[in-house]
Amino acid sequence: MNKKLLFNFLAVVMLASLILSACGSAPTEAPAAPAETEAPAATEAPAATEAPVTAGLACAPNCQYSDLVIGFLQTGSEGGWRAANTASFKETAEQLGLTLKFYDSQNDLAKQVAGFHQFIQDPEVNVIVLAALETTGWEEVLQEAKDAGKIVVIEDRRIDAPETLYSTYIGSDFALEGRKAAEEMCKLLEGSESKKVWELVGNVGSSAAKDRGQGFREGMTACGIEIVNSQTGNWSATEGKQVTEAWLKESKDVQGIFAQNDEMGFGAIEALKEAGLVPGVDVKILSVDATAGAFKAMLAGELNVTVECNPLLAPQVYEAALNAANGEELPAWVPSQEGVFRSDDPNLQEITDGRTY
Ligand code: GYE
């Protein structure tokens, strides 16, 4: 057999063997995948807390106010609204015959958290009431309180935490207050060619500041208000005045000031007067809270509007605590009912005389 013929024969033989081996190893049916087994149901990661907060106290279902020992974590004493809120809790505790342990957090978040732990460890305390300085950072301590069998009621300021970690929240709809403020500022600036507004913000981490600011921004679009300055005055008259003074050094082209609480509004009023402007006339002033000082400023014509924020929450809070102590499930939020007061109200003096704070 000549070489060429031999090479071709060998090539054919090799090719044939390759084909046969390939076939031979033709992948067999891939082994049947194991019969589809039900994937194990993903076990739900246990929620931080699954059961709603309905476990009552040992005295349930016959707990009385006299059975309650309430640890109250107050923000501090930053102004008229806070003083009225504190008075409501102390006076109502006496009227109802419950025991109140009052903790002043001095507007310091670390102190407020420390006070919370203190009440969790206090064997006498069976209910904890929190007026939160800030919206975040409460989940861990709330879980500890729940594990310790303590009832928690949130008052005044809402928090960002699972609703199963506390019995209820009793406080205002701050976003609604912000929308009301914008609606009133639109009325005050009606007909004004320019609608530049300065905003004095409360403690920036607090729900009251966040939600009032959001509500105002939602409402102001209706009339073309423009917020040209916004800065915290930390709820205080001193800081509200300092911030307004700094703005006035830059420009006096402002038509309205939205102060997120009365104290900062009072500071703005002082700054305007010292700059030679007439508050309530040259610049419209609107604040929130409706404290006694606001009615005094409206009667003097220096404040145009105050949007009410009710501080007298203790009766509702204590009733909720008692119901929770008796194992009742409560609504997640009980919003306060509130109004608006204006300096041009013909009955303003009578309304002022009838106010309790
Ligand atoms: O507006 C302010 C106080 O949380 C609603 O806190 C409260 C606010 C109030 O410092 O005056």
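Look a little higher up for the structure.
Residues numbered from 1 in each chain as written. Predicted model: local features only at pLDDT ≥ 70, side-chain atom pairs only at ≥ 80, totals over all residues. Heavy atoms only, no water.

## Comments concerning the sheet that holds strand β6 (residues 196-201)
Read from one edge of the open sheet, 6 strands run β7-β6-β8-β9-β10-β12, paired in mixed fashion. At either margin of the open sheet sits one strand with a lone partner, and together these are β7 (226-232) and β12 (340-342). Going across the sheet, the axis of each strand differs from the next one's by a mean of 15 degrees, ignoring polarity. Across the sheet, helix α8 (residues 262-274) touches β6, β8 (256-259), β9 (284-289) and β10 (305-308), and the angle it forms with β9 is around 160 degrees. (Pairing = 2+ DSSP bridges. Helix = DSSP H or I, 4+ residues; strand = E, 2+ residues; numbered from the N terminus. Axes fitted to C-alpha atoms, helices over the stretch in contact; angles between N-to-C directions. Contact = heavy atoms within 4.5 Å.)

## A few points about the site of the ligand
With respect to spatial proximity, the complete set of residues near the ligand consists of Glu78, Trp81, Arg82, Asp156, Arg157, Phe174, Arg212, Trp235, Asn261, Asp289 and Cys309. For the ligand, an oxygen atom lies 3.0 Å from a polar atom in the side chain of Arg82. With respect to the ligand, the side chain of Asn261 contributes an N or O atom lying 3.0 Å from an oxygen atom. Across the complex, the protein chains shield 99% of the 300 Å² of accessible surface that the ligand would expose by itself. Of all the cavities here, the one that holds the ligand is the largest cavity. A breakdown of the residues in the shell around the ligand according to their chemical character gives 4 nonpolar, 1 polar and 6 charged. (Near = heavy atom within 4 Å. Polar contact = N/O pair within 3.5 Å; in protein donor to acceptor, adjacent residues only side chain to side chain. Areas by Shrake-Rupley, 256 points an atom, 1.4 Å probe, with all protein chains shown as cover. 1 Å grid on protein atoms, 1.4 Å probe; cavity = no way out; pocket = protein on both sides within 12 Å on 5 of 7 lines; lining within 4 Å. Sits in = over half its atoms within 2 Å of the grid points. Nonpolar A, V, L, I, M, F, W, Y, C, P; charged D, E, K, R; others polar.)

## Section: empty space enclosed by the protein
One pass over the structure, following the stated rule, counts 1 cavity of 30 Å³ or more. For the largest cavity, the lining is made up of 14 residues, of which Glu78, Trp81, Arg82, Arg157 and Asp289 are closest to its centre. Of all the secondary structure elements, the ones that give two or more residues to the lining of the largest cavity are α2 (80-96) and α6 (207-220). Grouping the constituent residues of the lining of the largest cavity by class yields 5 nonpolar, 2 polar and 7 charged. (Points joined across faces, edges and corners; volume = space filled by probe spheres on them.)

## Brief notes about helix α10 (residues 314-325)
Taking 1.5 Å per residue as the helical rise, α10 with its 12 residues ought to reach 16 Å, and the 16 Å between its terminal C-alpha atoms agrees with that figure. Considering only its buried residues, α10 is in contact with β1 (69-74), α2, β2 (99-104), β3 (127-130), β4 (151-156) and β5 (168-171). Just beyond α10, the residue with positive phi is Gly327, at close to 85 degrees. (Expected span 1.5 Å × (residues − 1).)

## Focus on the sheet that holds strand β11 (residues 333-335)
Across the sheet, which stays open at both edges, the 6 strands sit in the order β2-β1-β3-β4-β5-β11 with parallel pairing between neighbours. Only two strands of the sheet have a single partner each, and these edge strands are β2 and β11. The mean inter-strand angle of the sheet, taken between neighbouring strand axes irrespective of direction, is 20 degrees. Bridge count between β3 and β4: 4 bridges; the pairing is parallel.

## A few points about the nonpolar core
One finds Phe116, Leu142, Phe216, Ile225 and Ile257 to be the most contacted residues of the largest nonpolar core, which totals 68 residues. Ignoring any residue separated from it by four or fewer positions in sequence, one finds Leu142 in contact with Phe116, Val152, Ile159, Ala161, Leu165 and Tyr166. With 25 residues, the next largest nonpolar core counts Cys63, Ala131, Leu313 and Ala320 among its residues. (Core = buried A, V, L, I, M, F, W, Y, C linked by side-chain atoms within 4.5 Å. Buried < 20%, exposed > 50% of the residue type's maximum accessible area, 1.4 Å probe, protein only.)

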